[in-house]
Every structure is written in structure tokens, then in C-alpha cells.
Amino acid sequence: MAEVAWIGGTWVGATATATTEERWTPPAGGVMIATARTVRTANNTMASFEFLCIAERDGSLVYQAMPGARTPATDFFLTSWTADAATFENPAHDYPKKIRYAKLADGSLETVTSGGEGSRTITVVLKKQ
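Cut-offs applied
Residues numbered from 1 in each chain as written. Predicted model: local features only at pLDDT ≥ 70, side-chain atom pairs only at ≥ 80, totals over all residues. Heavy atoms only, no water. Helix = DSSP H or I, 4+ residues; strand = E, 2+ residues; numbered from the N terminus. Buried < 20%, exposed > 50% of the residue type's maximum accessible area, 1.4 Å probe, protein only. Pairing = 2+ DSSP bridges. Axes fitted to C-alpha atoms, helices over the stretch in contact; angles between N-to-C directions. Salt bridge = Lys/Arg side-chain N within 4 Å of Asp/Glu carboxyl O.

Undergrad: Would you mind going over unusual backbone geometry with me for this structure?
TA: With the exception of glycine, the majority of residues adopt a negative phi angle, and the majority of peptide bonds are in the trans configuration. Following Thr-71, the chain continues into Pro-72 via a peptide bond in cis, with omega recorded as 0°. Structurally, Pro-72 is set in the loop between strand 5 (60–67) and strand 6 (74–82). Residue Pro-96 is bonded to the preceding Tyr-95 through a cis peptide linkage, with omega at -5°. Tracing the backbone through its elements, the reader meets Pro-96 in the loop between strand 7 (85–89) and strand 8 (98–103). Positive phi outside glycine occurs at Asn-44, with the angle close to 55°. Among the structural elements, Asn-44 can be located in the loop between strand 3 (31–40) and strand 4 (45–57). The exposed category is assigned to Asn-44, whose relative accessible area is 63%.

What follows is the structure, given as C-alpha cells:
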């Protein structure tokens, strides 16, 4: 968990159309948990939400996503990490197949979700609050 502890905190990013928030707990008990939501700017309505978890499992880390509180969670397994980035993948999942968190030089958090060949990639940059 120490390798991804920098993800902990409250992160917010805004574009012309939406505001995205992720609130990650610090590591404890072998897990970090989070809530995330995206709110539409035009009418201040929620576009989406999800529950997230990064947990130690079998000597590695697994990222679990529950969009819209859907269960069971979808597991993405840690495939690479550095001091400033962690990539989780699930090639069998429809979309996304890859989720990457990276700490940028200015201290912001970049989240990238992507799928297979020819699918869309979504990049969101969040500032720590």
C-alpha cells in the first residue's frame, strides 16, 4: 500500500461541462477506499458516482470499481507502478480495460481510463484540496 499512498486525499477537477471529485482514505488495514462523483455544470445534477477500493491481495494490489454502487465490484490488477504512477488492468472487462493514476509535477492527480484498440481514452486531472 505504501507505493500508492500518495493517491490518498480529496481531489477535484473541473471542465466547462462537469466537476469530478475523488475522496481517497489513507491506507489502513491493507486497503484504501474512495467515493467518486461527477456533477454536470449546466444544471448541477449528478452524472455518475462510484465506490472504489485499492486492496492488498496475494502480495499485490487490486483496484476494485463499483460504478453506481454496482456489485460485485470489477477487479483491475496492478500491472506496473513507479514512485509517481500506478496502472491497474483487466483485459477481460469491456470498458475500461486499464486505469492509471499518476502524480504530476505540479502535485495534481491524473486519472486515465482506456479500453482496447480503437476505444476512447478519458483523462481527468484533479487538484488536491
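Undergrad: Would you mind going over the sheet that holds strand 8 with me for this structure?
TA: Strands pair in a sheet through their backbones, by hydrogen bonds, and they do so in one of two ways: parallel or antiparallel. The strand order around the closed barrel built from 10 strands is 1-2-3-4-5-6-7-8-9-10, with neighbouring strands paired in antiparallel fashion. Going from strand to strand, the sheet's axes swing by 25° on average, the running direction of each strand aside. As paired elements, strand 7 and strand 8 share 5 bridges and run antiparallel to each other. Bridge assignment links Thr-87 to a residue of strand 8, and that residue is Arg-100.

Undergrad: How should the environment of Asp-58 be read in this particular structure?
TA: Considering the arrangement of structural elements, one finds Asp-58 in the loop between strand 4 and strand 5. Asp-58 gets classed as exposed once you look at its relative accessible area, which sits at 80%. In the structure, Asp-58 is positioned 51 residues away from Ile-7 in sequence and 21 Å away in space, judged by C-alpha atoms.

Undergrad: Would you take a moment to explain the pattern of salt bridges for this structure?
TA: Once their charged atoms are close, side chains differing in charge can pair, the charge on each being opposite to the other. Applying the stated criterion to the full structure yields 6 salt bridges. Between Asp-84 and Lys-103 there is a salt bridge, and its shortest N-O distance comes to 3.8 Å. Here Asp-84, found in the loop between strand 6 and strand 7, pairs with Lys-103, found in strand 8; they are 19 residues apart in sequence, far enough to count as distant. Residue Asp-84 is classed as partly exposed on the basis of its relative accessible area of 37%.

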